[in-house]
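# Descriptive structure summary
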Amino acid sequence: MGDLGGLRRRLPYLADLGVDAVWITPWYPSPMADGGYDVADYRDIDPRFGTLADADALLAEAHALGLRVIVDLVANHTSEQHPWFAAALAAGPGSPERERYFFRDGRAGGAEPPNDWVSAFGGGAWTRVTEPDGHPGQWYLHLFAPQQPDLDWSTPQVADEFDAILRFWFDRGIDGVRVDAAPAMAKAPGLPDAGHAPGAAFESRNWVGNPHWDVDAVHDILRRWRRIGDSYGGDRLFVTEAVVNGPERLSRYVRPDEMHTTFNFDYLTSPWDAAALRQVVDSTLAALEPVGAPATWVFSSHDETRHVTRFGRAWTGAAFGGAALPASETDLELGLRRARAAALLTLALPGSAYVYQGEELGLPEVEDLPEEALQDPTWERSGRTVRGRDGCRVPLPWEGDRPPFGFTTGAATWLPQPAGWARLTAAAQHDDPGSTLSLYRAALRLRRRLRGTGMSWRDAPEGVLAFDRGPRFRCVVNLAAEPVDLAGQGEVLLASGPCGAELPADTAVWLAPGG
Ligand code: GLC
């Protein structure tokens, strides 16, 4: 699966790649019902990954290399194996132990869930428990899998506990926190129906005024956390995962006394289309400007179909876990060409850019994992119709000519790597100037000179995005079908593919305007 020892060994790779920081998805003890996003103990490391001493060593070694470390905080829900949940089940209805979660009596004499809320992984958001006396009893809320019971953040003990957890990790030297599922953390009082039809999809980007998503009280929690972060000298960073209805709602998460940054799902899910991307960039910057927060940009994550694959399909946008994507043929050569151009777009935009592990190697989604290997709860909860997110989580190929490509000394990785990844290993790409790894390394270095410069669009033919960052840097991305003339635009600093006087389709270039 990968562990902290392995991550420590590869820190020099990250430093060489040229990133400033690494975000680590949950490393806490967990039964892994949802890739570690079901936490059983917030103050330890899962033994599969290592120990607290390993985490301390990782922090020290990362800092020595100039890398910062951001850890994931999953505060909307715990694991069902967290001691609090076990205590709540044992204590029974009406107990203070149950007040840390949402336990409610069912409707229709107890047989129906307390309301119509739905789970992000499909199906309803409530599960009925068997009471200590052996009878079917109350229901508990889980906006994600049943193994992830939601915490009730209006209970003071919950908020106090997370204050202490944040301090625990800041005291150990972490540099920042990625806040998981931030909009879920507050619920409308009384838990009213949301108006979801039975079997409704979890469409948080379309919800307005929803009682279990993006409820205003979320911001009280974020302000509380910001005060704690600031008490550590002012350079600890928060980034939220907030999939909400449009940039204006998103900007509320990064008001001056809340989080510093937030992931930008409008960009991540945008199709490979010049007008759509320009609209996302403009609306993002316009919404964030009044609150003074920097934008963030990324096209892939541990929750989305890798963009090399998406960009090689008829429909190039993304949907959480690939749930609602229409099936179509994939042209991986086209996808990679576009993904390389997308890297130069993303890394030229003002604000923070994220690189999802392996995108710097041009990895595609693994679409043919054997069914018995699938781990994502989406697979079972969708009645084995939606495969979920495992295809983007297959471990990196480091070196060698066959799996496990140096990832493990064991026989195989937890999700099997395709044999065809031999030509995509980090070792195979490292010294090849034309490789995707070399492109990312060069771009991440050049990008440093963009700090502090604003962005201004330039006139460009339809399907072409062109903008300057200050007087000495220009980015041109051709998303049209025809080549575009680059004559007189300046000296080429970096290109995502072969280009001369003309910029071919699905290619991007960074230029130093002349004169
Ligand atoms: C976030 C995580 C995702 C996880 C979910 C529940 O969306 O990115 O991986 O399944 O929260 O914690």
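Before any of the text, the structure's been laid out above.
Here we summarise the structure given alongside this text. Every value quoted in this text rests on a predicted model; they were computed, and no experiment measured them.

## Re empty space enclosed by the protein
Under the definition given, this model contains 4 cavities of 30 Å³ or more. Reported here for the largest cavity is a volume of approximately 100 Å³. Looking at the largest cavity, it is lined by 13 residues, and the ones nearest its centre are Gly246, Leu250, Asn264, Phe265 and Asp266. Each pocket or cavity is described by its volume, and for the second largest cavity that value is around 60 Å³. Contributing to the lining of the second largest cavity are Val298, Phe299, His307, Ala343, Thr346, Leu347, Tyr354, Val355, Glu359 and Tyr440. Tallied by class, the residues present in the lining of the second largest cavity amount to 7 nonpolar, 2 polar and 1 charged.

## As for the pattern of salt bridges
Applying the stated rule across the entire model yields 39 salt bridges. The partner of Glu399 in a salt bridge is Arg10, and the shortest N-O contact between them spans 3.9 Å. Here Glu399, found in the loop between α12 (377–381) and α13 (426–430), pairs with Arg10, found in the loop between α1 (4–9) and α2 (11–17); they are 389 residues apart in sequence, far enough to count as distant. For Glu399, a relative accessible area of 33% translates into the label partly exposed. You can call Arg10 buried: its relative accessible area is 16%. Arg107 is paired through a salt bridge with Asp193; the nearest N and O atoms lie 3.0 Å apart. With a gap of 86 residues between them, Arg107 in the loop between β3 (103–104) and β4 (126–130) and Asp193 in the loop between β6 (176–179) and α6 (218–230) connect regions that are remote in the sequence. Each of Asp34, Asp303, Asp376, Arg389 and Arg393 takes part in salt bridges that share partners, so that together they form one network.

Conventions and cut-offs
- Residues numbered from 1 in each chain as written.
- Predicted model: local features only at pLDDT ≥ 70, side-chain atom pairs only at ≥ 80, totals over all residues.
- Heavy atoms only, no water.
- 1 Å grid on protein atoms, 1.4 Å probe; cavity = no way out; pocket = protein on both sides within 12 Å on 5 of 7 lines; lining within 4 Å.
- Points joined across faces, edges and corners; volume = space filled by probe spheres on them.
- Nonpolar A, V, L, I, M, F, W, Y, C, P; charged D, E, K, R; others polar.
- Salt bridge = Lys/Arg side-chain N within 4 Å of Asp/Glu carboxyl O.
- Helix = DSSP H or I, 4+ residues; strand = E, 2+ residues; numbered from the N terminus.
- Buried < 20%, exposed > 50% of the residue type's maximum accessible area, 1.4 Å probe, protein only.

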